[in-house]
Amino acid sequence: HAEQHPEAHLPRALVGRAATYSVSGSRPEGYGMLLDGENIQNWWQRGTGAAVTGTSLGIEAIAEFQTLTNTYSAEFGGNGAVINSATKSGTNTFHGSVYEFFRNNALDARNFFEKGEPAPFRRNQFGGSIGGPVKKDKAFFFFNYEGLRQHLDQSFQAFVPTLEARAQAVPSVKPIVDLYPIPTTDLGAGIGTLITIGGQTANENYYLGRFD
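Bear in mind that the values here come from a model prediction, so they are computed numbers and not experimental data.

Student: Please set out the packing of aromatic side chains residue by residue, giving values where relevant.
Tutor: Throughout the structure, instances matching the rule amount to 5 aromatic pairs. Geometrically, the ring pair formed by Tyr 72 and Phe 76 is edge-to-face, given 6.4 Å between the ring centres and 80 degrees between the ring planes. We classify Tyr 72 as partly exposed; its relative accessible area is 21%. Here Phe 76 falls in the buried class, since its relative accessible area comes to 18%. With a centroid separation of 6.3 Å and 50 degrees between ring planes, the pair formed by Phe 126 and Tyr 145 is classed as tilted. Of this pair, Phe 126 sits in strand β8 (residues 121–135) while Tyr 145 sits in strand β9 (residues 139–161), and the two are 19 residues apart along the sequence. Classification of Phe 126 by relative accessible area gives partly exposed; the value is 24%. These aromatic residues form a ring-pair network of at least three members: Phe 126, Phe 143, Tyr 145 and Tyr 207.

This is the structure we're talking about:
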């Protein structure tokens with residue numbers, strides 16, 4: 001039984017945005033995540049990294065995986081569960097793949113706070129893999145690359161002083177109050193709201209090489 005842990009999933013600069021899970025009642029930091037026997041979690045034992053996008057790159061390189069929840073060997077570590085995965089390897093014939101995933105805000109619905117069109121969102125997730133023989137029946141190679149290019153505009157609701165509150169501000173505070181933008185909605189008591197747009201641009205590159 002696995003469920004997303006509400007507190008652990010909060011996006012934070014310290015621990016990243018990658019999703020974390022509570023498995024069999026254990027803490028989200030408790031489970032192990034192994035790739036070819038190596039621990040691939042970040043230093044805070046959360047997810048597979050601390051990237052701002054919260055993505056797990058390199059899926060094309062995974063040959064198989066298993067989720068162990070109890071009575072597993074001590075070699076796996078962790079407590080509560082272990083996600084154990086293995087990468088692909090080359091064979092006696094050449095194999096490869098090329099792929100791209102594209103997302104555009106033209107297909108998105110606007111959120112509750114957006115007045116007009118949905119905020120701009122562009123995501124290109126692309127890559128390729130290739131594997132084959134170095135020497136037949138003796139040596140093999142495998143290489144995988146995955147890239148992410150993303151720009152995401154997000155809307156935020158800010159609380160700012162109204163024009164009336166600005167006019168009533170004492171001289172010592174007025175220069176600070178004037179730094180706030182003009183609100184679009186007046187909530188009363190000198191408080192208004194304003195919808196702002198913030199842009200986030202992220203570029204990620206993931207490489208994996210294997211020799212057998």
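Student: Which residues make up the sheet that holds strand β10 (residues 185–188), and what values go with them?
Tutor: Strand order in the open sheet formed by 5 strands is β7-β8-β9-β11-β10, and the pairing between neighbours is antiparallel. The sheet terminates laterally at β7 (95–104) and β10, the two strands that pair on one side only. Pairs of neighbouring strands in the sheet enclose a mean axial angle of 20 degrees, with direction left out of account. Strand direction decides the pairing type here: β7 and β8, joined by 10 bridges, are antiparallel. Of the residues in β8, the one forming a bridge with Asn 104 is Arg 122.

Student: Can you tell me about the sheet that holds strand β5 (residues 62–68), naming the residues and giving the values?
Tutor: The sheet built from 4 strands is open, its strands ordered β4-β3-β6-β5 with mixed pairing. The outermost strands of the open sheet, each flanked by one partner alone, are β4 (38–39) and β5. The sheet contact formed by strand β3 (residues 32–35) and strand β6 (residues 82–87) spans 4 bridges and is parallel. Looking at β6, one finds that Met 33 is bridged to Ile 83.

Student: I'd love a proper account of the pairing of strand β11 (residues 191–211), names of residues and values included.
Tutor: Strand direction decides the pairing type here: β9 and β11, joined by 21 bridges, are antiparallel. Residue pairing for β11: Gly 147 is matched across the bridge by Asn 205. Looking at chain direction, β10 and β11 are connected through 3 bridges and run antiparallel. Residue pairing across strands places Gly 188 opposite Ile 191, the latter belonging to β11. The turn linking β10 back onto β11 is made up of 2 residues, and Ala 189 within it adopts a positive phi angle of 60 degrees.

Student: Let's hear about the pattern of salt bridges: which residues, and what values?
Tutor: All chains considered together, the criterion is met by 3 salt bridges. The salt bridge partner of Arg 210 is Asp 36, with a shortest N-O separation of 3.8 Å. With Arg 210 in strand β11 and Asp 36 in the loop between β3 and β4, this residue pair connects regions lying 174 residues apart in the sequence. By relative accessible area, Arg 210 is classed as partly exposed at 25%. For Arg 210, the salt bridge identified is with Asp 212, shortest N-O distance 2.9 Å. Three or more residues joined by partner-sharing salt bridges are found here, namely Asp 36, Arg 210 and Asp 212.

Student: Before we move on, could you go through the pairing of β6 and cite the residues and values that matter?
Tutor: Alignment of β5 against β6, held across 6 bridges, turns out to be antiparallel. Following the sheet pairing, Glu 64 is matched in β6 by Ala 86.

Student: Describe the side chain of Thr 162, with residues and values.
Tutor: Position of Thr 162 relative to the elements: it lies in the loop between β9 and α1 (163–168). When residues no more than four places from it in sequence are discounted, the contact partners of Thr 162 are Pro 183, Asp 186, Gly 190, Ile 191 and Gly 192.

Student: Can you explain the environment of Phe 112? Please cite residues and give values.
Tutor: Mapping Phe 112 onto the fold places it in the loop between β7 and β8. Expressed as a C-alpha distance, the spacing of Phe 112 and Ser 155, which sit 43 residues apart in the sequence, is 9.8 Å.

Student: An account of the side chain of Ser 129 is requested, with residue identities and associated values reported.
Tutor: Mapped onto the fold, Ser 129 is located in strand β8. Only 2.8 Å separates the side chain of Ser 129 from the side chain of Ser 97, close enough to count as a polar contact. Among all residues touching Ser 129, those that are not within four sequence positions of it are Glu 60, His 95, Gly 96, Ser 97, Phe 142, Phe 143 and Asn 144.

Rules behind the numbers
- Residues numbered from 1 in each chain as written.
- Predicted model: local features only at pLDDT ≥ 70, side-chain atom pairs only at ≥ 80, totals over all residues.
- Heavy atoms only, no water.
- Phe/Tyr/Trp six-rings, centres within 6.5 Å; stacked < 30°, edge-to-face > 60°.
- Buried < 20%, exposed > 50% of the residue type's maximum accessible area, 1.4 Å probe, protein only.
- Helix = DSSP H or I, 4+ residues; strand = E, 2+ residues; numbered from the N terminus.
- Pairing = 2+ DSSP bridges.
- Axes fitted to C-alpha atoms, helices over the stretch in contact; angles between N-to-C directions.
- Salt bridge = Lys/Arg side-chain N within 4 Å of Asp/Glu carboxyl O.
- Contact = heavy atoms within 4.5 Å.
- Polar contact = N/O pair within 3.5 Å; in protein donor to acceptor, adjacent residues only side chain to side chain.

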